[in-house]
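# Chain and residue survey
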Amino acid sequence: MTWNEEIAEGARNWSQFLLQNKSLLSEVDVLNSQNLGENLGFVFSLPEQAICSNSSETSCVRCSQVVSAWYNEISNYNFDTGSPIDPSEEWLHFTQVVWRSSTELGVGVASGGGYHYVVARYKPRGNLVGMFARNVPRLLSTGL
């Protein structure tokens, strides 16, 4: 996975829109025209806290909180069938995070009033029907 500044700029702009509108809507036309996948998330903190700017900071909100929530959807993914264990629960954030064929990433964050919106965009998009088994790798055993 490599960083793509152009994708990140679009993600930053969209995160600002989401913050202004207190929304988690996708920018569908842009995603479709640029073959982008997307994960959206937000954290609300009261009292208001800033986004951490490095790993040693404390008393701040970490974007990794949102990414961890996406990744933790692994518990609802069936690697044998390439589908959710419980279709009523979230799972597609996880599969986009690990999607093997997605090779470029851009992320934007917008904050204000205790809200922090995170937009992660992936190119090419993941979560393509019929492609899950090929693109969502099984966990490797650590031997521990």
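So, on to the side chain of Ser-45. Looking at the element boundaries, Ser-45 is found in the loop between β2 (37-44) and α3 (63-71). Polar side-chain contacts of Ser-45 include one of 3.1 Å to the backbone nitrogen of Gln-49. Setting aside residues up to four positions removed in sequence, Ser-45 forms contacts with Val-61, Gly-114 and His-116.

This part covers the pattern of salt bridges. Oppositely charged side chains can form a pair if their charged atoms are brought close together. Within this structure, the stated rule accounts for four salt bridges. We note a salt bridge from Arg-12 to Glu-5, for which the minimum N-O separation is 2.4 Å. Where Arg-138 meets Asp-80, a salt bridge forms, and the shortest distance between an N and an O atom there is 2.4 Å. Separated by 58 residues along the polypeptide, Arg-138 in the segment after α5 (132-135) and Asp-80 in the loop between β3 (77-78) and β4 (83-84) bring together distant segments of the chain. With a relative accessible area of 66%, Asp-80 lands in the exposed category. Overlapping salt bridges, with partners in common, bring together Glu-27, Glu-38 and Arg-121 in one network.

So, on to a nonpolar patch on the surface. On the surface, a cluster of nonpolar side chains totalling about 420 Å² of accessible area is made up of Leu-24, Phe-42, Phe-44 and Leu-46. By the element assignment, Leu-24 lies in the loop between α1 (5-21) and α2 (28-34).

Okay, unusual backbone geometry next. With an omega of -10 degrees, the peptide bond running from Lys-123 to Pro-124 counts as cis. As for its placement among the helices and strands, Pro-124 is situated in the loop between β6 (115-123) and α5. Phi angles above zero are rare outside glycine, and Lys-22 is one such case at about 45 degrees. By secondary structure assignment, the location of Lys-22 is in the loop between α1 and α2. The exposure class assigned to Lys-22 is partly exposed, which follows from its relative accessible area of 45%. For Asn-127, which is not glycine, the phi dihedral falls at a positive 60 degrees.

Within the element layout of this structure, Thr-95 appears in helix α4 (residues 92-98). Exposure remark for Thr-95: the relative accessible area of 0% places this residue in the buried category. Leave out the neighbours within four places in its chain, and Thr-95 touches Tyr-77, Asn-127, Phe-132 and Val-136.

What counts, and at which threshold
Residues numbered from 1 in each chain as written. Predicted model: local features only at pLDDT ≥ 70, side-chain atom pairs only at ≥ 80, totals over all residues. Heavy atoms only, no water. Helix = DSSP H or I, 4+ residues; strand = E, 2+ residues; numbered from the N terminus. Polar contact = N/O pair within 3.5 Å; in protein donor to acceptor, adjacent residues only side chain to side chain. Contact = heavy atoms within 4.5 Å. Salt bridge = Lys/Arg side-chain N within 4 Å of Asp/Glu carboxyl O. Buried < 20%, exposed > 50% of the residue type's maximum accessible area, 1.4 Å probe, protein only. Patch = residues over 30% accessible without salt bridge, like charges linked within 9 Å, V, L, I, M, F, W, Y side chains within 5 Å. Areas by Shrake-Rupley, 256 points an atom, 1.4 Å probe, with all protein chains shown as cover.

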